[in-house]
Amino acid sequence: MLDGVSTDQLRTFIAAADEGSFSAAGRKLRRAQSVISQTLATLEAQIGVRLFDRTRRYPELTEEGKRLLSEARLVVRSMDSFKAKARTIAEGLEPELSVVVDVMYPMSSLTLAVGAFRESFPDTPLRLYVEALGAVVKPVLEGVCRLGIIGSMQSVPDVLEAEKLLDVPMVTVTSPTYPLALLKRVVQVRELQQHVQLVLTDRTNFTEGSDFSVFSPMTWRLADLGAKHAFLREGFGWGHMPLATVEADLKSGDLVQIHLENSPSDMLMPMFATYLRASPPGPAGRWFLDRLKQRA
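Each residue is numbered by its place in its chain's sequence as written, counting from 1. Per-residue local features are limited, in this predicted model, to residues with pLDDT of at least 70; the limit for side-chain atom pairs, both in listing and counting, is 80 or more; totals at the level of whole chains, interfaces and linings are taken over all residues. In computing side-chain values, all of the structure's heavy atoms are included and hydrogens and water are not.

Within an unreviewed UniProt entry, the label attached to the chain reads LysR family transcriptional regulator, and the organism entered is Pseudomonas fluorescens. Annotation of the chain in UniProt includes, under Sequence similarities (unreviewed entry), the sentence "Belongs to the LysR transcriptional regulatory family." UniProt positions are given in the numbering used here, feature names are shortened, and annotations may be inferred rather than shown by experiment.

An account of the domain arrangement of the chain is requested, with residue identities and associated values reported.
A domain assignment, automatic or from a database, supplies the domain bounds used here. Splitting the chain by domain gives domain 1 (7–91), domain 2 (97–166 + 271–293) and domain 3 (168–269). Using C-alpha coordinates to define each centre, domain 2 is positioned 26 Å away from domain 3. Put simply, a salt bridge is a Lys or Arg side-chain nitrogen that is within 4 Å of an Asp or Glu carboxyl oxygen. On the surface where domain 2 and domain 3 come into contact, there are 0 salt bridges. The element contributing the most residues to the side of domain 2 that touches domain 3 is helix 6 (residues 134–141), with 5 residues. In this text, helices come from DSSP runs of H or I with a minimum length of four residues, and strands from runs of E with a minimum of two, each type numbered from the N-terminal end.

Before we move on, could you go through unusual backbone geometry and cite the residues and values that matter?
Located in the positive-phi region is Arg30, a residue other than glycine, with phi close to 60°. Within the fold, Arg30 resides in the loop between helix 2 (22–29) and helix 3 (33–47). Despite not being glycine, Leu133 shows a phi value in the positive range, around 55°. Mapped onto the fold, Leu133 is located in the loop between strand 4 (126–131) and helix 6. With relative accessibility at 9%, the residue Leu133 sits in the buried group. Each residue gets one of three labels from its accessible area relative to the maximum for its type: buried under 20%, exposed over 50%, partly exposed in between, using a 1.4 Å probe on protein chains only.

Any chance you could break down the packing of aromatic side chains for me, citing the residues and the numbers?
Centres within 6.5 Å are what make two rings of Phe, Tyr or Trp a pair, Trp counting through its six-membered ring; a difference in plane orientation under 30 degrees is then read as stacked, over 60 as edge-to-face, and the rest as tilted. Using the criterion set out here, one finds 9 aromatic pairs in the structure. Taken together, a centroid distance of 5.4 Å and an interplanar angle of 90° make the contact between Phe22 and Phe52 edge-to-face. With Phe22 in helix 2 and Phe52 in strand 1 (residues 52–53), this residue pair connects regions lying 30 residues apart in the sequence. On the basis of relative accessible area, Phe22 is assigned to the buried category, the value being 8%. When the ring of Trp220 is compared with that of Phe236, the centres are 5.9 Å apart and the planes differ by 45°; the resulting orientation is tilted. A residue pair is termed long-range when its members are at least 10 positions apart, and Trp220 in strand 8 (residues 219–222) and Phe236 in the loop between helix 8 (225–233) and strand 9 (238–242) qualify at 16 residues. Exposure remark for Trp220: the relative accessible area of 39% places this residue in the partly exposed category. Chaining the aromatic ring pairs together yields one cluster made of Phe117, Phe121, Trp287 and Phe288.

Hey, could you go over the UniProt feature "domain: HTH lysR-type" (unreviewed entry) in the chain for me, with residue numbers and the actual values?
Summarizing the sequence annotation, UniProt attributes the feature "domain: HTH lysR-type" (unreviewed entry) to residues 5–62 in the numbering used throughout. Across residues 5–62, helical content stands at 62% and strand content at 7%; the span's end C-alpha atoms are separated by 19 Å.

How would you summarise the packing of helix 8 against helix 9 (residues 243–252) if you had to cite specific residues and measurements?
Packing of helix 8 against helix 9 leaves a shortest axis separation of 12 Å and a crossing angle of 25°. Compared by their axis directions, helix 8 and helix 9 come out roughly parallel. For helix 8 against helix 9, the interelement crossing comes out right-handed. Of helix 9, the residues touching helix 8 (which contributes Leu225, His229 and Arg233) are Thr245, Val246 and Asp249. Basically, the charged four are Asp, Glu, Lys and Arg, the nonpolar ten are Ala, Val, Leu, Ile, Met, Phe, Trp, Tyr, Cys and Pro, and anything else, Gly included, counts as polar. Considering only residue class, the contact of helix 8 with helix 9 consists of 2 nonpolar, 2 polar and 2 charged. Helix axes are fitted to C-alpha atoms over the stretch in contact, other axes to C-alpha atoms as well, and angles between N-to-C directions run from 0 to 180 degrees. Convention used here: angles under 35 degrees read as roughly parallel, angles over 145 as roughly antiparallel, angles from 65 to 115 as roughly perpendicular, and any remaining angle as oblique. Take the far helix as your reference; a near helix turned counterclockwise from it by less than a right angle gives a left-handed crossing, and one turned clockwise gives a right-handed crossing. In this description, contact between two residues means that some pair of their heavy atoms is separated by no more than 4.5 Å.

Give a detailed account of helix 1 (residues 7–19), specifying residues and quantitative values.
Each α-helix turn comprises 3.6 residues. Residues three or four places apart therefore point the same way. Every helix has an expected span of 1.5 Å times one less than the residues it contains. For helix 1, built from 13 residues, the straight-helix expectation of 18 Å at 1.5 Å per residue is met to within 8% by its first-to-last C-alpha distance of 18 Å. When we look at burial in helix 1, the residues that qualify are Gln9, Leu10, Thr12, Phe13, Ile14, Ala15 and Ala16. Looking at the residues trailing helix 1, positive phi occurs at Gly20, about 90°.

Structure follows, in structure tokens:
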């Protein structure tokens, strides 16, 4: 009987566990509640294990159900990966490659990879977008971009696969004439609250209610990294920047590094390549990711 267990049954099991009720699972899967109930009853009969306790108002996972849930997720994820890879092989070389890249990613590494891609795939158009925070994730989730390079948004939605690329060194900087720079010592967190922090704004609602490394209630939110860089040089506030972006300014003295209380001396922002699990990169996309890894 176990050989008759289907991935559809496992998906139904996962949906019921995640949604908390058979009716909610039905809405998610666009099926009647009776179909959900019958599918789960059949599954339980096939495996000889009671997955849900139905004696209460809402069905609850049994201890056995909790133990099998993670296994069900693993099986479904593996099957999705198998189907996606098969689809990629059947499709062959992508007609074009669309990539959205986090603005914090080292541009020198990116431009080298792009140049090599154009030489290796001259007939495959490359569409490149540079965004920040949720605006990197959104086009990947919506299928507008096949690949995303994400860093400034610290969590990746579960439907996306993530491959580590590199760690981007970050520094906290300000103008040499800004009051924080004049302290000539480690800056305490409470002192930051009295000064304007320059941060990137999210053009989507993916990070709504979340602030990453924001320490001051006085913030100026800027749309792109170039504007933030310019404002820092003009002494309008302080902020975190990729080391590669401000290295020349630190050497020339146009910007100075400030050290924050309890902050590591080597701040690193991890960068990941992301794509939909159901739509992994094809040959050109995989080549591009491997090239980025080599540059890292």
